[in-house]
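Inside the fold
So you can see what is in the structure, the chains are spelled out below.
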Amino acid sequence: MGFDEVLEKITEETELSEDEVKEEVDEKMDEFEGLVSEEGAIHLVAKEYGVEVQGATENDLKIDNVVPEMRKVNIKARVLNISDLNTFERDDEEEDGRVQNLLLGDDTGTIRVTLWDEQTEIADQIEEGDPIEISGAYTVEDDQGRAEIRLGDSSTVKMADEDDVPEVEAPEGATTTKASIREVSGEGNSYSVKGLLVAMYASNPFYRVDPETGDTAREDDDGNLVTDDGKEVEDPDHRLAITGVIDDGTGAVRAVFFGDQARKVLDIDEETEREGDQEAVEEAAEEALGKEISIEGRTRYNDYFDQTEITVNSVDAVDPENEIEELLDLMEA
């Protein structure tokens, strides 16, 4: 159903006028900050008032028109990201469960597809950038209130014609999952987490680089500093690589900060880093403990510590006022 058809049906089955419905549509679009289109927003309004408009979808949908609780969804899009396969234990079952996510995109937006158990075999047959066509799917609401595609027993997934699906790129941050620390898992997955900085390991926070190229310089058998290309470095600069631990109450994770991100979390300047001022770094690391920070980064498995850690791409201090506002909004919702 298009916008006008849904609008007519809502006014027929409720006491709302057209203007009142349109006002609620505008409110929905503001609420989702541009993440849903006008057509998608009116479907959400219809859902709130119990107006059934989600019949079979004959034509392919654009992503910005997909909303939660739809049935028989047909969509063509590009595969923008394929997450690592994660396994989990099921109660009273010998075989572990499997879950894997796809991020799909078209010229209107992005959406996640969650694959369960044998459905994860689909991920082995596609690559990032592939155009695919999904038929007979359904949608649910994810933990951020957005639509997420699921596959039922009658759903199909196949390669689409290249000409039918425009090439798109994942917007910055689109492949990053906001999560509690206990949800962080796998290798090569991007997460955004926040918590308290409860430990900083500053005993050996520097590595040395060629000041001209930035290449890492290591001691050879003769005690000379050389780059991987064999260039000898007489007066190296220092770069930070420091590890901390972040705890959000659900769990703790090691986080590795390099260069800019290390200076930011420690609140020190480039000169202190370049000169390799060990004492200043140790003092800054002590001062940093107890900070509430938000980080984004990619997971990797640390064999030495036998655990997953996050290599940090960005770090920011958490603003208490914004946190309170978000909490109040959540309580009001």
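It should be noted that the structure appears before, not after, this text.
This section reports on the structure supplied with the text. None of these values were measured; they are calculated from a predicted model. (Residues numbered from 1 in each chain as written. Predicted model: local features only at pLDDT ≥ 70, side-chain atom pairs only at ≥ 80, totals over all residues. Heavy atoms only, no water.)

**Re the overall build of the protein chain**
For clarity, the cut-off: Helix numbers and strand numbers start at the N terminus; a helix is a DSSP run of H or I with at least 4 residues, a strand a run of E with at least 2. With a 1.4 Å probe rolled over the protein chains alone, any residue whose accessible area is under 20% of its type maximum counts as buried; one over 50% counts as exposed, and the rest are partly exposed. It only takes one pair of heavy atoms within 4.5 Å for two residues to be counted as in contact. Using a 1.4 Å probe, the Shrake-Rupley method yields the accessible areas, and only the shown protein chains count as cover for residues.
When helices and strands are counted, the protein chain shows seven helices and 16 strands. For the protein chain, buried positions account for 41% of its 333 residues. Pairs at least 24 apart in sequence give 57% of the contacts found in the protein chain among residues at least 6 apart. Summed over its atoms, the accessible surface of the protein chain is roughly 19,500 Å², and 39% of this surface lies on carbon and sulfur atoms.

**Quick word on unusual backbone geometry**
Non-glycine residue Lys72 carries a positive phi angle of around 55°. For Lys72, the position within the fold is in the loop between helix H3 (38-48) and strand E1 (73-82). Phi at Asp117 is positive, roughly 50°, even though this residue is not glycine. Relative to the helices and strands, Asp117 is located in the loop between strand E4 (109-116) and strand E5 (131-141). What makes Asp117 buried here is its relative accessible area of 18%.

**Things to note about helix H2 (residues 18-31)**
What counts is decided by this rule: The span you would expect from a helix comes to 1.5 Å times its residue count less one.
For H2, which comprises 14 residues, the first-to-last C-alpha distance of 20 Å matches the rise-based estimate of 20 Å (1.5 Å per residue) to within 8%. Looking at the buried side of H2, the elements it contacts are helix H1 (3-13) and H3.

**Notes on the pairing of strand E15 (residues 292-302)**
Where we set the bar: Strands are treated as partners if at least two bridges between them are detected by DSSP.
Bridge count for strand E9 (residues 190-201) against E15 is seven bridges, and the pairing is antiparallel. Paired with Gly195 across the strands is Ile293, a residue of E15. As paired elements, E15 and strand E16 (residues 307-317) share ten bridges and run antiparallel to each other. By the bridge assignment for E16, Gly297 is matched with Val312. In this structure, the hairpin formed by E15 and E16 is closed by a connection of four residues, where Asp306 is found at a positive phi of approximately 55°.

**Observations regarding the packing of H2 against H3**
The test is simple: Orientation is described by lines fitted to C-alpha atoms, with helices fitted over the stretch in contact, and by angles between N-to-C directions that extend from 0 to 180 degrees. When an angle is under 35 degrees it counts as roughly parallel; over 145 it counts as roughly antiparallel; between 65 and 115 it counts as roughly perpendicular; any other value is oblique. Note on convention: the crossing is left-handed when the near helix lies turned anticlockwise from the far helix by less than a right angle, right-handed when the turn is clockwise. All residues other than Ala, Val, Leu, Ile, Met, Phe, Trp, Tyr, Cys, Pro, Asp, Glu, Lys and Arg, Gly among them, are scored as polar; the first ten of these are nonpolar and the last four charged.
At a closest axis distance of 8 Å, the pairing of H2 and H3 adopts a crossing angle of 110°. For the element pair H2 / H3, the angle class is roughly perpendicular. Considering how the two elements wind past one another, H2 and H3 form a crossing that is right-handed. Here Val21, Glu24, Val25, Lys28 and Met29 of H2 lie close against H3, whose contacting residues are Glu38, Ala41, Ile42, Leu44, Val45 and Glu48. Residue classes in the contact of H2 with H3 are distributed as seven nonpolar, no polar and four charged.

**Notes on the pattern of salt bridges**
Cut-off, in case you're wondering: Within this document, salt bridges are pairs made up of a side-chain nitrogen of Lys or Arg and a carboxyl oxygen of Asp or Glu, the two lying within 4 Å of each other.
Throughout the structure, instances matching the rule amount to 15 salt bridges. Taking the shortest distance from any N to any O, the salt bridge between Arg150 and Glu148 comes out at 2.8 Å. Residue Glu273 pairs with Arg263 through a salt bridge whose shortest N-O separation is 2.6 Å. A residue pair is termed long-range when its members are at least 10 positions apart, and Glu273 in helix H5 (residues 270-275) and Arg263 in helix H4 (residues 259-266) qualify at ten residues. Both residues of the pair, Glu273 and Arg263, count as buried. One network of salt bridges, in which partners are shared, links Arg112, Glu148 and Arg150.

**Quick look at helix H6 (residues 278-288)**
For clarity, the cut-off: Relevant arc is that of directions from the helix axis to the C-beta atoms, nothing else. Definition of a polar contact: a pair of N or O atoms within 3.5 Å, with one able to donate and the other able to accept a hydrogen when the atoms are protein atoms, and with sequence-neighbouring residues admitted only if both atoms are side-chain atoms.
Regarding H6, the residues found buried are Val281, Ala284, Ala285 and Ala288. Within H6, the buried residues cover an arc of 105° as seen down the axis, which keeps them to one side. Away from the buried face of H6 by more than 90 degrees, exposed residues Glu279, Glu286 and Glu287 are located. If you follow the buried residues of H6, they end up packed against E9, strand E10 (206-209), strand E13 (237-247) and H4. The N-capping residue of H6, defined by a side-chain oxygen 3.4 Å from the backbone nitrogen of Glu279, is Asp277. Just past H6, the residue Gly290 takes up positive phi, approximately 95°.

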